[in-house]
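Residues per chain are reported as follows:
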Amino acid sequence: MRKLIAGIAALITTSAASGTAQPVGSKQINYRGGLVEFSIPAAWVEEYEPEGGGTFYEPGDGTGTLRLNVISAKPPNSDAKLTSDRVLAQIGHPASELLPNGNAISTKVSRETEQGTPLITFWWHVANVVSPTHVRIANFSYTILSSNEGTALAKSELSFLEKSIRNASFSSVTGK
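Please read all numbers here as calculations on a predicted model, not as lab measurements.

This next bit is on the environment of Lys 81. Its place among the elements puts Lys 81 in the loop between β7 (65-73) and α2 (84-90). When its relative accessible area of 67% is taken as the criterion, Lys 81 is described as exposed. Spatially, the C-alpha atoms of Lys 81 and Thr 133 are 8.6 Å apart, while their sequence positions differ by 52 residues.

Here we take up the nonpolar core. If you look at the biggest cluster of nonpolar residues, it comprises 27 residues, and the most contacted ones within it are Val 36, Phe 38, Leu 66, Trp 124, Phe 140 and Tyr 142. Where this core is concerned, the elements lending two or more residues are β3 (26-31), β4 (36-41), β7, β10 (117-131), β11 (134-145) and α3 (152-166). If you tally residues by element for this core, the top one is α3, at five residues. Here Phe 38 is in contact with Lys 27, Gln 28, Ile 29, Tyr 31, Phe 56, Leu 66, Leu 68, Phe 140, Ser 164 and Ala 168, once residues within four sequence places are set aside.

A few words on the sheet that holds β4. A sheet is described by the order of its strands in space; here three strands give the open sequence β3-β4-β12, paired in antiparallel fashion. The sheet is open, and its two borders are formed by β3 and β12 (169-170), each paired with just one other strand. Pairing of β3 with β4, which is carried by six bridges, proceeds in the antiparallel orientation. Bridge pairing in β4 links Gln 28 to Ser 39.

Reading across the sheet, the seven strands line up as β5-β6-β7-β11-β10-β9-β8 and stay open at both edges, with antiparallel pairing between neighbours. What marks the edges here is a single partner per strand, and that holds for β5 (45-48) and β8 (97-98). Inspection of the sheet shows β10 paired to β11 by twelve bridges, in the antiparallel sense. Of the residues in β11, the one forming a bridge with Trp 124 is Phe 140. Lying on the sheet, α3 is in contact with β7, β8, β9 (104-114), β10 and β11; it crosses β10 at an angle near 15 degrees.

Right, let's talk about the pattern of salt bridges for a bit. A side chain with one charge may pair with a side chain of the opposite charge, provided their charged atoms come close. One pass over the full model with this rule turns up four salt bridges. Among the salt bridges present, the one from Glu 97 reaches Arg 166, with a minimum N-O distance of 2.8 Å. Taken together, the residues Glu 97 in strand β8 and Arg 166 in helix α3 connect sequence positions 69 residues apart. For Arg 166, a relative accessible area of 24% corresponds to the partly exposed category.

This brings us to α3. Taking 1.5 Å per residue, 15 residues should reach 21 Å; α3 reaches 21 Å between its end C-alpha atoms and fits that length. Buried within α3 are the following residues: Leu 153, Ala 154, Ser 156, Glu 157, Leu 158, Phe 160, Leu 161, Ser 164 and Ile 165.

The rules we used
Residues numbered from 1 in each chain as written. Predicted model: local features only at pLDDT ≥ 70, side-chain atom pairs only at ≥ 80, totals over all residues. Heavy atoms only, no water. Helix = DSSP H or I, 4+ residues; strand = E, 2+ residues; numbered from the N terminus. Buried < 20%, exposed > 50% of the residue type's maximum accessible area, 1.4 Å probe, protein only. Core = buried A, V, L, I, M, F, W, Y, C linked by side-chain atoms within 4.5 Å. Contact = heavy atoms within 4.5 Å. Pairing = 2+ DSSP bridges. Axes fitted to C-alpha atoms, helices over the stretch in contact; angles between N-to-C directions. Salt bridge = Lys/Arg side-chain N within 4 Å of Asp/Glu carboxyl O. Expected span 1.5 Å × (residues − 1).

This is the structure in C-alpha cells:
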C-alpha cells in the first residue's frame, strides 16, 4: 500500500484544465530510430529486443508492462486504395476508429492467468499507411495485475497511454 501511495504521489498530478490525472513528466520514444514515436512516463525503463519489440515499465514489483511490436508490410493484390481502417479490418479488427492523424486504431481487453496470477491486458492495434503500397501496424499491449485494475495509478497510466498511442506518429520512409 505504501508503494502504491508513493507511486501515485511520484507519477500523478491533477490537471486543472482537463480534470484528469496525468503522470508527471514524460519522455519521447523514437522506436527503432523513429519508425514509431510516442511518449511514456519519464520514470519508465526502456528495453529493446535485438530483432524487434520493445518493453517499457516502471521499475518495481507489480508494475504494468507496455510492449510494442511493429509489422511493416506490402499487402498482396493491393488493387484498392489502402486506408488504415481497411487494413485493420482485413487483419481481423473490423471495429476500428479512424484518428485525426490518418491512423486507425482498434482496441480490446483480454484476461488471462500466468502461473496462477490473474492478469489483464489492454491492446491497441494502430495501422498507418506509409505509401500507396506499404502499411505499418503497431501492436501495443499493456499488462497489469488484475488486482490493480481499478487503482488510481492504473487508471492514470491507462489514460496517459491511450492518449500517447492515439497520437503516435510513424516514419514516412518505407525502408528496404
